[in-house]
Amino acid sequence: LEFRRVLFRSQRLLQRDPSIRLSCWLQSMDEERQQEGDDPITDLPRTLADLGQYNVIIMIDPNPEEFDEAWIAALQQFCRNKAGGVLYMAGPHFTSEFITMNRLRGFLDLLPVKFGDAASIAASQVIAEANDAGGGMVLVSHNLDHPVMSFSADAAENLTRWNQMPGFTWNFPTESAKPMARVLLERGSQSGVEGNQPALVAGRFGAGSVLYFGFQGTWRWRKVGLQAQFFDRFWIQVIRYLVENRSLQGSR
């Protein structure tokens, strides 16, 4: 249910924005049904040339069965050499498998966070499930000026808006952020290697920008403001941040 809410809300929002063209690839879609989006596709883009037709790739708890070393290598080149943006949102269904499969290890190089081994991830998940109420969403105040987080030029007003946002009850365990990455949100459980677990992290891979979402539930933010204005604003800011370097390189 959580996954479908994230997918549905963000998909509808991006399709409404006249500046965005969206293609969707739902892995569980029946073969007889057409994929959704402004520009429906019939196959998952696999080569660098195919991926290069897009500015941003968004992955929401993807099933690893459909991906291999060649696809991961193409995604790395898309980000490193073509300044493409990549967003990865962890989820409770496939993330553990996705980040620990040997054939997909190259994907970890792209992400701005570090994970433990399979055993430590499993142990952390058990602890988190036993104490869902612990921690909650914590703002990293000195990074609220990041383009993804900035609702207002006034720092006090921006902080007020973020303090109104409902927190999350689930996050995927991470050890720490990588050097030079910017942690935007944390899970305040003090269970990471360096304290709180990074939950929303911005980083770079080559010429491209990368965002790691270690949680789901941004749909809860729709209740803040009028007609989900800050939920909408957040996701549009996410896309604009991820596409910025691509645009600066003259490939719009």
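Report on the accompanying structure. Keep in mind it's a predicted model, so treat the numbers as computed, not measured.

Side note on unusual backbone geometry
Even without being glycine, Gln227 reaches a positive phi, approximately 50 degrees. Inspection of the secondary structure assignment puts Gln227 in the loop between strand S8 (208-213) and helix H8 (229-248). Residue Gln227 is classed as exposed on the basis of its relative accessible area, which comes to 78%. Positioned with a positive phi, Ala228 is a non-glycine residue whose angle comes to about 60 degrees. Note on placement: Ala228 falls in the loop between S8 and H8.

Comments concerning the pairing of strand S7 (residues 195-205)
Within S7, ten of the eleven residues are buried, which leaves it mostly tucked inside the rest of the structure. As paired strands, S7 and S8 are joined by six bridges and run antiparallel to one another. Note on S8: the bridge partner recorded for Phe205 is Gly208. Connecting S7 to the next strand, S8, in antiparallel fashion are two residues, including Gly206 with a positive phi near 65 degrees.

Topic: the pattern of salt bridges
Counted under the stated rule, the structure contains three salt bridges. Its salt-bridge partner being Asp145, residue Arg182 comes within 3.0 Å of it at the nearest N-O pair. In this pair, Arg182 is assigned in strand S6 (residues 182-192) and Asp145 in the loop between strand S4 (137-139) and helix H7 (155-164), connecting sequence segments 37 residues apart. Overall, Arg182 belongs to the partly exposed group, its relative accessible area being 31%. Residue classification places Asp145 among the exposed residues on the basis of a relative accessible area of 55%.

Reading the values: the criteria
Residues numbered from 1 in each chain as written. Predicted model: local features only at pLDDT ≥ 70, side-chain atom pairs only at ≥ 80, totals over all residues. Heavy atoms only, no water. Helix = DSSP H or I, 4+ residues; strand = E, 2+ residues; numbered from the N terminus. Buried < 20%, exposed > 50% of the residue type's maximum accessible area, 1.4 Å probe, protein only. Pairing = 2+ DSSP bridges. Salt bridge = Lys/Arg side-chain N within 4 Å of Asp/Glu carboxyl O.

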